[in-house]
Structures are given as structure tokens and as C-alpha cells.
Amino acid sequence: MTTTAAPATYWQPDGECMDREELAQLQLERLQSTLSRVARNVPFYRTRFDEIGFDPDDLRSVDDLRRLPLTEKRHLIDAYPYGLLAVPLREVVRLHGTGGSGSNAIVMGYTRNDIKTWSNLTARTLVAGGVTKDDVVQITFDYGLLTGAFGVHFGAERLGASVIPSSSGNSKRQIKIMQDYKTTALVATPSYALHLAETMGAMGVNPNALSLRRVLVGGEPWSSETRRRIQAELAVTATDNYAVSELMGPGVAAECLERQGLHVNEDHFLVEVLDPRTLEPVPPGGRGELVITTLTKEAFPIVRFRTRDLTSLDFAPCPCGRTSVRVRGIEARTDDMLIVKGVNIFPSQIEAVLREIDGETAPRHQLVIERRHALDDATVLVEVSQSVFFDEVRLQAEFRETVKRRLAAELGVTLEVKLVQKTTMDDVAAKGRVVDLRRA
Amino acid sequence: MLTIRNLDVAYGAVTVLRRVSLHVNAGQIVALVGANGAGKTTLLKAITGLVRPRGGDVLLDGRSILRAGTERTVALGCSLVPEGRQVFGDMTVRENLLLGAHVQLRRGRRDEVREDLARLFAMFPVLERRERQLAGTLSGGEQQMLAMGRALMARPALLMLDEPSMGLAPLVVKDVFDAIVRISRAGSTVLLVEQNARAALKVAHRGYVLETGRIVLQGTSEELLANQDMQRAYLGRDPGAEMERRPS
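The structure reproduced in this document is the subject of the present report. (Residues numbered from 1 in each chain as written. Chains lettered and ligands numbered in written order. Predicted model: local features only at pLDDT ≥ 70, side-chain atom pairs only at ≥ 80, totals over all residues.)

1. Considering the overall build of chain B
- The secondary structure content of chain B amounts to 12 helices and 10 strands.
- Compactness check: chain B gives a C-alpha radius of gyration of 19 Å against a globular reference of 18 Å for 248 residues, within 12% of the reference.
- Along the three orthogonal principal directions, the C-alpha set of chain B runs to about 65 × 45 × 30 Å.
- Burial statistics for chain B: of 248 residues in total, 48% are counted as buried.
- Partitioning the intrachain contacts of chain B with sequence separation of at least 6 by distance along the chain shows that 65% fall at a separation of at least 24. (Helix = DSSP H or I, 4+ residues; strand = E, 2+ residues; numbered from the N terminus. Rg over C-alpha atoms; globule rule 2.2 N^0.38 Å. Buried ≥ 20, exposed ≤ 12 C-beta atoms within 10 Å, placed from the backbone. Contact = placed C-beta atoms within 7 Å.)

What follows is the structure, given as C-alpha cells:
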């Protein structure tokens, strides 16, 4: 991939390129006032602080935050709808939600200041991805309770771009709008961006003839292969951004045109990376679960929120000039984490290894874990084509060994590998990618 | 430029400042607002070494000045314009200003002082007009400008102003705050301590709200002016009540 020489432009250079020492002071000040405020205004936090005998006045350094309990998604659900608001409802000017009205619904409130901050942070996201006030931005996220569409929308307006709230669905109409309105920047989930590319193909639309030059993706994890395809098939630069609805929505972290990790808006969010098992900090740069504390939210501040997203932090300076730490792309979620023979493994790691070996897409596969004589016994079933299966026994054995070796290198634990035919896979695939029989 | 971290100050058993953290960036005006008795003046005294904090640190350009002592703090570039102006009434405006330049004069830098004076008069034409007048005959607003001018003659890196609007008529307050903006534009960094929150935040880049010795709010001036707690407590507005009063 050739790196586009990016003009160094920022939306809020004071915040994005802040001297690290000044940032540390600012984070401390903001953390101190956030904790004082939640202790005063939110019974949930007051009770939890009291339980461990923590007085917010005692927080003297950012590291003291580690003494505080983590906030889990279920705490937010329990507080439905307004239990965690830190301001009276009349000061809230916007409400978003996740999980609809189901049993896992969460309501997030925003004050006028929160909306302004949010708009600035999504404007940062857009500018980092190469969008300017002269762009025509088509937003294909769903305009509804979820945070994505409105979050990016307000940022794009603040930036001064021309915003098309085309919302989700109706791909042919989206493409027509893209052609007629001369859309230059598309905001979409990666899978929807690919779907639009495919639909264009079916419609006989030539992507090179469009005005489109930037795609900002969000809403779901994507592989470097997906990025490559979006960039190639739509003839654009595609950048990633990281949203956490509970904390704000989009605007938490975003890629710059270097496309080497996502810059965290550290003047508004304090990030920690914890080992998901011990909940202790990982060594600098180590992989673990991302835990985030809001530093400026007025209506809905959250202390040490477990995102369940697994990543690592990159403290190396970025050529773009932003001084913020970068999170590497979110690869997996702790919800998917399995412990096999005492080692944390993720189904996505297995998929990544198979994809590397086999080319563009990973073959169908399934991880089966059993317990034999109190020991974990894990086998990966990998589908191979008819020809490989019958023709070349030696080739088959070699392939099996390669997969086994590469998996062991990636996971740090040896799994059995079994090659199966399509028909066998058809039979077992319905059980999902992971079959854990240890609990049975 | 100025960084205060976890500052605790107590007079005997009475805690006056509790874990105060704030910072002032070079070239900015930072407002510290709060009611009478919130601890604002104590904070200035701690910065200038007039009271010894119980804990925490005060850094000027990254170096602790906590144990520097008042004289050294001034020599390092922190100038304080105290509350109530305190100009020398039976001295002329010019004499008052030259007092501010005594360090420079002692070092024999007469030319520099002359230049500083010319620059100052360009910034405060009223002081030039009253150059030979006794300071005691100036109006309150003029005295405030003289006090600020005197502090500027020491070429401070950081100018701290304690309640510059106190006791001044609203129109004069505006003059004084306009002067503060001019001082800032001329390159000085300003820590502005004020009860008049609205006036202070209108000229400041950022602000902190001190309440019974604690920083309870901080942010850009724009954020603070829009903050509803701030409006209720310090800006004389209750947006919620206003909404309810509004006929439907």
C-alpha cells in the first residue's frame, strides 16, 4: 500500500497535537472533576466509591484510578433509563439508546455542551480521514436511536461539509444519490461499503467515474483485506474509526491517513488496557481489554467502562503529527474469548491464521473443545476441497502440519487440526464456529 | 507555563484549598472564578510563596517554585496585582510605574525601562495623560490600570490579577477587561482571579471554578458559560426555571 502524503490538517490542533506533559495535567484535572461530579450527582458511583472507602478528593494521580471498580455494561442496563445521568433531565438536549427497548437497553443523555464536544470530536474524525469543508458527505448509518448517524452528521456540519443524511438501506438509491449529488465522502459500515461496490458492479456503474474519494468506516470490525477491497473497488482512501455508543458514539478514536492505528481523543477519554482475566494493566503495548473513562461528559459520564474490545496501545509518534496514543484496530471482543489449556484464545485469531495460509478468505472451520481426564482437548476442524482430500495424502499432511504450527505460533497453545470434507462441515457448521463441550 | 498539581493549603485545622490542580498555558488568559471565601486569594498566595502549602506542587515551566520564596518567585517572572489595587497614592503615576521596574533599574537597564514605559503608555494612553499626576487622584479604573502597568514593568512571564473589577462601575469594569485583553495580546500570560465570573470568562481562554477550596468545574470559557451549574451558581441564571416560567 502506498501511503498518501497527507497535508497535516487537524480540526483542533490544540487538542490533537497537545504536548504529552500538558495532556497528562489536563487529564488529571478533568479526571478529578469528573470523579467529584459523579460522586456528588450519581448515586451508583457514590455507593461504589463508599464501598471501597474512596474519596474523590484523594485521587492524586491518574494511576489512582486503578483503585476504582470497573463499570460493566450490565450496570448501565440496570440503570435504565435515567439512573446514571449526572445532570437533571431538563438539562439533557438529546437522548440516544442501544438495544432498542429490549431487556438490554441503555439510554445515553447529552447536554448542549456534550453535543458540541461530540460534534468537534467527530469533526476531528472526518478531518483525520481526509474530509474537508468542501466535501459532500453521504452518511449511510441508520438515523435512529443509535449514535452513529447523528454523531457523524453533527461533526460533518460543524466542519462545514455538505451533509447528505441518506440513512441506511436502498442501495440503488444510495448509488443514484452518490452519482447525482456528487458525493465525495461516504460514511458506512465496511460491509455496506463493499455491498455498495458490488451493487455498482451489478448496475454497471463505474466507480472511477464517481466523485467519491474517501470512505470512513465504522460500526464493525474489518480486516485489512476488506480495506484493500473497499479502496480498490471504490477507488478511495478508507479510514477506520472507533465508536463506543455507551461513552458517546463515534468520535472516541479515529485513523489518520497514515492508517496505522486509531488516534484516541485522549483529552476527552482516558484509556487503559487490562488483562481480561486478572483485570490488571498489561505491560505498555501489550494486548488486552480496552477500558475507558470519560473526561468531559456532562450528562452521562462513565468511569472505567469495560468495552470488551481487545486491542493494544501504540505510543510511537505518528508521522501525521497527532500526539495521541493509537489503538490498533479492534480485533476481537472479550465476550468471544476462550480459555484453552490456561491460554486466552479468540476465534478471530484462528480465522486470521487460516486466511493467511489459504489466501483471501478463510476456509470454513470449527473449534471443538472437550475435557478429557480434566484436561482441555481442542481440535480445529478445517474444511478442505474434495481434490486436496483425496488426491495427495502427502500434501494433505503438509497442510495440516502448517496449520497446526501456525496456530501454535499465533495462539501460544497447540491445538489438534483435523481436515474434513465439505459434507462433514455442512453437518457440523450449524453448531457455530466454536463448540465448547467442557460445560456440558 | 504554570502548573499546579494537587495543592493543599490549610490554616491550622481549617482546610482552605483541597487538591487543587490547574494549569495556565503560555499566552493564554485563564480565569479562576468563585465566590468570596472560596480560596482564590489563598491560591495566589501559595503561588507567590506567601503561604506554605501542606501538599502538592506549583511548577513554573516545569520547575517547582514551591520553596523558591516570594522574592525569587517574582524574579522568576510571576507578578501579582493584589486585590484593592494598592498603588502609592502620594507618588506620581510615573513614579509608581518605575517602582515596578526597580529590578531592571538596579541592573542599570535605563534604556530598556524607557522602552517598556513607552510600550506601556501605548497600551494605556490614559496613564500617559496622567503621567505627572499623583496616583491617589486617579479614578478606581485608572488606579487598576496603573497597578497592572506597574506589574508589567517587571516584565513578568506570568501576570496574576486578583479581583481587578472589584469596586468598579460596570462601564469601568469593561475598560479594565479590555486592558487585560490588550495585555494578553501583547504576549503576557494572565491568571485572572475574579468574582465577576461572566466578565472574566468573556475574556479568558479557559477557566476554573473554585468552590470551598475545591475546583468543581473547569473547561474552556465557552463550555463554562454554557454549563448549567455554572449559570445557576455564578452567572445569575436558572435556565430550567426560566423554561418553566415561559408561557406555553
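2. Looking at helix α10 (residues 347-358) of chain A
Residue and element names in this part refer to chain A.
- Taking 1.5 Å per residue, 12 residues should reach 16 Å; α10 reaches 17 Å between its end C-alpha atoms and fits that length.
- Buried within α10 are the following residues: I350, V353 and L354. All buried residues of α10 lie within an arc of 95° about the axis, which places them on one face of the element. (Expected span 1.5 Å × (residues − 1). Arc of directions from axis to C-beta.)

3. Topic: the environment of R132 of chain B
Residue and element names in this part refer to chain B.
- Inspection of the secondary structure assignment puts R132 in the loop between α6 (125-129) and α7 (140-152).
- Exposure remark for R132: the 9 C-beta atoms within 10 Å place this residue in the exposed category.
- The spacing of R132 and T92 is 40 residues in sequence and 5.5 Å in space, taken between C-alpha atoms.
- Residues within four places of R132 in sequence aside, it is in contact with T92 and R94.

4. A few points about the environment of L76 of chain B
Residue and element names in this part refer to chain B.
- Position of L76 among the secondary structure elements: in the loop between α2 (70-75) and β6 (78-81).
- Taking the C-beta count within 10 Å as the criterion, L76 has 15 such neighbours and is therefore assigned partly exposed.
- C-alpha separation for the pair L76 and T137, spaced 61 residues apart in sequence, amounts to 33 Å.
- Apart from the residues within four sequence positions on either side, L76 is in contact with L60, I65 and A68.

5. Regarding the nonpolar core
- Judged by nonpolar contacts, the single largest core of 86 residues is most densely connected at V137, V187, A193, V215 and V252 of chain A.
- Each residue touching V137 of chain A, except ones within four places of it in the same chain, is listed here: V131, A156, A161, S162, V163, I164, A185 and V187 of chain A.
- Of all hydrophobic cores here, the second largest spans 72 residues; its members include L80, A101, V113 and L210 of chain B. (Core = buried A, V, L, I, M, F, W, Y, C linked by C-beta atoms within 7 Å.)

6. Remarks on unusual backbone geometry
All names here are of chain A.
- Residue Y80 is joined to P81 through a cis peptide bond whose omega torsion reads -5°.
- Positive phi, close to 60°, is recorded for L279, a residue that is not glycine.
- Relative to the helices and strands, L279 resides in the loop between β10 (269-274) and β11 (287-294).
- Notably, R308 is not glycine yet its phi reads approximately 70°, a positive angle.
- The residue R308 is located in strand β12 (residues 305-314) in this model.
- The partly exposed category is assigned to R308, around which 19 C-beta atoms lie within 10 Å.

7. A look at the packing of helix α3 (residues 93-100) of chain B against α7 of chain B
Residues and elements named next belong to chain B.
- Remark: α3 packs on α7, axes separated minimally by 6 Å, with the N-to-C direction vectors making an angle of 35°. Crossing of α3 over α7 shows right-handed handedness. Contacts between α3 and α7 involve V93, N96, L97, L99 and G100 from the former and L146, G149, R150 and A151 from the latter.
- Its residues assigned to classes, the contact of α3 with α7 shows 5 nonpolar, 3 polar and 1 charged. (Axes fitted to C-alpha atoms, helices over the stretch in contact; angles between N-to-C directions. Left-handed = near helix turned anticlockwise from the far one by under 90°. Nonpolar A, V, L, I, M, F, W, Y, C, P; charged D, E, K, R; others polar.)

8. Concerning the sheet that holds strand β3 (residues 29-33) of chain B
Residue and element names in this part refer to chain B.
- Strand order in the open sheet made by the 6 strands is β6-β7-β8-β3-β9-β10, with mixed pairing throughout. Each edge of the sheet is formed by a strand with only one pairing partner; in this case those strands are β6 and β10 (214-220). With direction set aside, neighbouring strand axes in the sheet form an average angle of 15°.
- As judged from the 6 bridges shared by strand β9 (residues 206-211) and β10, these two strands associate in the antiparallel manner. Along β10, the bridge assignment pairs V209 with L217.
- Contacts between α7 and the sheet are confined to β6 and β7 (158-162), with β6 contributing the most and set at about 165° to the helix. (Pairing = 2+ DSSP bridges.)

9. Comments concerning helix α5 (residues 112-128) of chain A
Residues and elements named next belong to chain A.
- Counted at 1.5 Å a residue, the expected span for α5 with its 17 residues is 24 Å, and the 24 Å between its end C-alpha atoms agrees.
- Judged by how many residues are buried, α5 sits mostly within the fold: 14 of 17 residues are covered.
- Note on α5: the residue one or two positions beyond its end, G130, has a positive phi of about 95°.

10. Some details on the sheet that holds strand β19 (residues 416-420) of chain A
All names here are of chain A.
- As summarised here, the arrangement of the 4 strands in space is β19-β18-β17-β20, forming an open sheet in which the pairing is mixed. Every other strand in the sheet has two partners, leaving β19 and β20 (434-436) as the edge strands with one partner each. For this sheet the average axis-to-axis angle between neighbouring strands, irrespective of direction, equals 20°.
- Bridging between strand β18 (residues 375-383) and β19 involves 5 bridges; their strand directions are parallel. The residue of β19 that forms the bridge with T379 is E416.
- Its contacts with the sheet put helix α12 (residues 393-411) on β18 and β19, and the angle it makes with β19 is roughly 140°.
- Here helix α13 (residues 422-429) sits on the sheet and contacts β17 (365-372), β18 and β19; the angle it forms with β18, its principal contact strand, is near 125°.

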